[in-house]
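Chain and residue survey
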Amino acid sequence: MPNAGLFDGRLLVFDELPSTNQWLLDHAAECRHGDAVRAVAQTAGRGRFGRQWLAPPDRALALSVLLRPEDPARLPAAWVGALAAVGIRNMLERHGLAGRLQWPNDVFVAGRKIAGILAEQDSASPSLVLGLGINVNLTDRDFAHRPLRQPATSMALEAHHDFDVPTVAADLLAALEAAIRAFDAEGPAWVLRQWSAYDALAKGQTIDVQTPDGPASGAYRGMDEDGRLVLAAADGEPRRYWSGDVSLRQAQYP
Ligand code: BTN
């Protein structure tokens with residue numbers, strides 16, 4: 001395989017895998033920083049919060065990247081998901097699509113989710129597996145068969161033409177590499193600038209968040225310098241959350 005992963009890592013392509021994230025978690029010891037794995041068909045893709053992720057052959061991009069930087073402080077795990085979201089957004093822009101970012105790491109086009117990110121770590125390993133799922137050529141029919149928590153779309157539905165999945169994969173790896181380099185040079189300030197330029201949420205908008213400690217809601221204040229979500233609760237005091245699942249009030253979906 002030619003080197004076409006991240007930072008001269010390898011890109012391995014399988015016809016079918018249960019989960020590209022699981023494959024990399026299982027093979028982390030044999031892989032190096034920047035190695036990437038793509039499955040043409042992913043049969044048991046994992047989403048956040050134990051959800052399933054749909055990735056039928058030729059219609060979705062299922063890609064995972066192994067991250068094991070020499071100096072972990074230069075690529076903190078807490079920022080990897082947001083960096084990946086920015087990379088995806090920038091890749092979409094190259095293809096003429098206007099993506100927006102929603103904390104912690106969702107990417108939306110026209111108010112519908114187009115991509116998902118799941119970073120996973122084996123407690124025994126210093127490696128982080130970054131899983132990226134892009135709805136490339138999925139159709140309304142694909143989505144109709146699945147119970148979806150949020151409205152979803154694909155690059156093809158938005159652009160009205162199909163895309164070549166390997167090209168999208170290569171463009172995504174390049175955009176991710178550029179985002180990691182920018183973070184290395186400028187730190188969180190770079191991500192925060194990108195986030196506020198392309199935020200899917202409006203400051204002051206009321207949102208609901210499922211956090212590990214239970215549900216929360218409040219007025220959206222943005223992302224802080226540690227990558228946490230900031231909400232103003234009913235008492236006006238800011239509350240900060242490291243992780244959670246944002247949902248909009250139904251009427252806020254366009
Ligand atoms: C989400 O729920 O938004 C995250 C979805 C992440 C899906 C990707 S597809 C490639 C990688 N392999 C997996 O099993 N999951 C991630």
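Residues numbered from 1 in each chain as written. Predicted model: local features only at pLDDT ≥ 70, side-chain atom pairs only at ≥ 80, totals over all residues. Heavy atoms only, no water.

1. Regarding the side chain of Asn-105
Within the element layout of this structure, Asn-105 appears in the loop between strand E6 (99–102) and strand E7 (106–109). If sequence neighbours within four positions are ignored, Asn-105 has contacts with Arg-48, Gly-81, Ala-82, Ala-85, Ile-117 and Trp-195. (Helix = DSSP H or I, 4+ residues; strand = E, 2+ residues; numbered from the N terminus. Contact = heavy atoms within 4.5 Å.)

2. Overview of the sheet that holds strand E1 (residues 11–17)
With mixed pairing, seven strands are arranged side by side in an open sheet as E1-E2-E5-E9-E8-E7-E6. Lying at the two open borders of the sheet, with one neighbouring strand each, are E1 and E6. Going from strand to strand, the sheet's axes swing by 20 degrees on average, the running direction of each strand aside. Two elements, E6 and E7, share four bridges in a ladder whose sense is antiparallel. Each bridged residue has a counterpart across the sheet, and for Gly-99 the counterpart in E7 is Val-109. Relative to strand E9 (residues 128–135), helix H2 (residues 77–94) is tilted by about 30 degrees, and along the sheet it contacts strand E5 (60–67), E6, E7, strand E8 (112–121) and E9. (Pairing = 2+ DSSP bridges. Axes fitted to C-alpha atoms, helices over the stretch in contact; angles between N-to-C directions.)

3. Notes on the site of the ligand
Looking at the ligand, there are 19 residues lining it, with Ser-19, Gln-42, Arg-46, Arg-48 and Lys-113 nearest. For the ligand, an oxygen atom lies 2.7 Å from a polar atom in the side chain of Ser-19. The side chain of Gln-42 places a nitrogen or oxygen atom 3.0 Å from a nitrogen atom of the ligand. Compared with its free state, where it exposes 410 Å², the ligand has 99% of that area covered by protein. The cavity that encloses the ligand is the largest pocket. Breaking the shell around the ligand down by element, the ones donating at least two residues are helix H1 (20–26), strand E3 (45–46), E5, E8 and E9. It is E8 that contributes the most residues to the shell around the ligand, four residues altogether. (Near = heavy atom within 4 Å. Polar contact = N/O pair within 3.5 Å; in protein donor to acceptor, adjacent residues only side chain to side chain. Areas by Shrake-Rupley, 256 points an atom, 1.4 Å probe, with all protein chains shown as cover. 1 Å grid on protein atoms, 1.4 Å probe; cavity = no way out; pocket = protein on both sides within 12 Å on 5 of 7 lines; lining within 4 Å. Sits in = over half its atoms within 2 Å of the grid points.)

4. Some words on unusual backbone geometry
Pro-104 follows Trp-103 through a cis peptide bond whose omega is 0 degrees. Along the polypeptide, Pro-104 turns up in the loop between E6 and E7. In the Ramachandran plot, Asp-8 falls in the positive-phi region, its phi being about 65 degrees despite a non-glycine side chain. Among the secondary structure elements, Asp-8 is positioned in the segment before E1. Of note, the phi angle at Ala-110 is positive, near 50 degrees, even though the residue is not glycine.

5. Concerning empty space enclosed by the protein
Going through the model one piece at a time under the given rule, you end up with one cavity of 30 Å³ or more. What lines the largest cavity is simply Leu-67, Leu-75, Val-80, Leu-83, Ala-84, Leu-130, Leu-176 and Ile-180. Contributions of two or more residues to the lining of the largest cavity are made by H2 and helix H5 (165–186). Element by element, the count of residues in the lining of the largest cavity is highest for H2, at three residues. (Points joined across faces, edges and corners; volume = space filled by probe spheres on them.)

6. Considerations on the domain arrangement of the protein chain
Looking at the protein chain, the domain boundaries give domain 1 (11–198) and domain 2 (206–248). Placing the centre of domain 1 and that of domain 2 at their C-alpha centroids yields a distance of 23 Å. Tallying the contact residues gives 13 residues for domain 1 and 17 residues for domain 2. Both faces combined, the contact of domain 1 with domain 2 buries some 1100 Å², and carbon together with sulfur accounts for 61% of it. (Domains from an automatic or database assignment. Buried area = accessible area lost by both parts, 1.4 Å probe.)

7. Focus: the side chain of Asp-224
For Asp-224, the location among the structural elements is in the loop between strand E11 (214–223) and strand E12 (229–232). In this structure Asp-224 comes out as buried when scored by relative accessible area, which is 4%. Among the polar contacts made by the side chain of Asp-224, one reaches the side chain of Arg-240 at a distance of 3.0 Å. (Buried < 20%, exposed > 50% of the residue type's maximum accessible area, 1.4 Å probe, protein only.)

8. Brief notes about the pattern of salt bridges
For the structure on display, the rule yields 14 salt bridges. Here Arg-51 and Asp-245 are joined by a salt bridge, their closest N and O atoms 3.1 Å apart. Highlighted residues: Arg-51 in the loop between E3 and strand E4 (52–53) and Asp-245 in strand E14 (residues 245–248), separated in sequence by 194 residues. Judged by relative accessible area, Arg-51 falls into the partly exposed class, the value being 32%. The partner of Glu-177 in a salt bridge is Arg-181, and the shortest N-O contact between them spans 2.9 Å. A residue pair is termed a helical-turn pair when its members lie 3 or 4 positions apart in one helix, as Glu-177 and Arg-181 do in helix H5 at four residues. Each of the salt bridges in this network shares a partner with another, and the network as a whole consists of Asp-224, Asp-226, Arg-228 and Arg-240. (Salt bridge = Lys/Arg side-chain N within 4 Å of Asp/Glu carboxyl O.)

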